[in-house]
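# Analysis of the macromolecular model
What follows is each chain in one-letter form.
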Amino acid sequence: MQCQRLLFERFAGKMLTVCLRYAVDSMEAEDLLQESFVKVYRNLSQFKFEGSFEGWIRRIVVNTALKHCQKKKIRFDEIKPDVTVQQGSSLEPAAYTHLGENDLLRLIHNMPEGYKIVFNLHVIEGYSHEEIAEMLNIKDSTSRSQLVKARRYLQNEISKLQKPVAV
């Protein structure tokens with residue numbers, strides 16, 4: 001029990017951050033974290049000392065979060081683009097200088113569910129589109145299109161935050 005507590009204390013903060021990226025709110029993220037650590041404890045003997053222990057835990061957390069998202073029955077192919085960004089439009093560099101980490105995390109959190117999941121898996125977790133397709137039971141082209149839509153969504157939201165600069 002003491003070892004489990006120490007393990008939880010060591011990795012819970014980082015893994016809660018992972019859970020927050022997939023959850024609707026902090027309570028759901030905490031539930032995902034708890035469920036993930038139960039799986040970690042239950043499967044501890046399966047860690048093969050190949051790669052980092054933290055990476056092994058992170059994979060369990062991500063898979064737990066994805067299973068939870070799948071229970072919500074997110075239909076990636078039915079998500080329509082609701083972003084109107086002009087083709088070829090670009091943001092001024094000033095938009096990025098005023099954007100803080102918390103602002104960016106809030107924008108990612110507020111993305112439509114399909115965009116957010118694929119964005120997190122590809123951009124933050126580093127999974128390929130083929131891996132994402134397998135994990136979510138979708139086509140890799142769906143993963144790619146969701147990522148494009150997520151980036152357009154973020155670009156649109158960042159441009160809304162951009163304040164006109166007086167010349």
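Details of the structure are given in the entry above.
Let me sum up the structure you'll find in this document. (Residues numbered from 1 in each chain as written. Predicted model: local features only at pLDDT ≥ 70, side-chain atom pairs only at ≥ 80, totals over all residues. Heavy atoms only, no water.)

### Quick look at the packing of helix α1 (residues 2-22) against helix α2 (residues 26-42)
Where α1 contacts α2, the axes come no closer than 9 Å and their chain directions differ by 135°. In terms of orientation, α1 lies oblique with respect to α2. α1 and α2 meet at a crossing whose hand is right-handed. Along the contact surface, α1 presents Gln4, Leu7, Phe8, Phe11, Ala12, Met15, Leu16, Cys19, Leu20 and Tyr22, while α2 presents Ser26, Glu28, Ala29, Glu30, Leu32, Leu33, Phe37, Val40 and Tyr41. (Axes fitted to C-alpha atoms, helices over the stretch in contact; angles between N-to-C directions. Helix = DSSP H or I, 4+ residues; strand = E, 2+ residues; numbered from the N terminus. Parallel < 35°, antiparallel > 145°, perpendicular 65-115°, else oblique. Left-handed = near helix turned anticlockwise from the far one by under 90°. Contact = heavy atoms within 4.5 Å.)

### Side note on the side chain of Arg21
Residue position: Arg21 is located in helix α1. For Arg21, a relative accessible area of 14% gives the class buried. For Arg21, the side chain forms a polar contact with the side chain of Glu125, separated by 2.4 Å. Look past the residues within four positions of Arg21 in its chain and what remains in contact with it is Arg58, Lys116, Asn120, Ile124 and Glu125. (Buried < 20%, exposed > 50% of the residue type's maximum accessible area, 1.4 Å probe, protein only. Polar contact = N/O pair within 3.5 Å; in protein donor to acceptor, adjacent residues only side chain to side chain.)

### Quick word on the nonpolar core
Within soluble globular proteins, side chains that are nonpolar tend to cluster in buried spots. If you look at the biggest cluster of nonpolar residues, it comprises 42 residues, and the most contacted ones within it are Ile57 and Leu121. Put simply, the parts of the chain that give this core at least two residues each are α1, α2, α3 (53-71), α5 (101-109), α6 (113-124), α7 (129-136) and α8 (140-161). Beyond its immediate sequence surroundings of up to four residues, Ile57 is in contact with Leu7, Phe11, Met15, Phe37 and Val40. (Core = buried A, V, L, I, M, F, W, Y, C linked by side-chain atoms within 4.5 Å.)

### As for the pattern of salt bridges
Within this structure, the stated rule accounts for 9 salt bridges. A salt bridge links Glu125 to Arg21; its shortest N-O distance comes to 2.4 Å. Taken as a pair, Glu125 in the loop between α6 and α7 and Arg21 in helix α1 lie far apart in primary sequence, 104 residues in all. Look at Glu125 and you get buried, because its relative accessible area is 16%. Note that Glu113 and Lys116 form a salt bridge whose closest N and O atoms lie 4.0 Å from each other. In this pair, Glu113 and Lys116 both sit in helix α6, 3 residues apart, roughly one turn of the helix. In the salt-bridge network here, residues are joined through shared partners; they are Arg21, Arg58 and Glu125. (Salt bridge = Lys/Arg side-chain N within 4 Å of Asp/Glu carboxyl O.)

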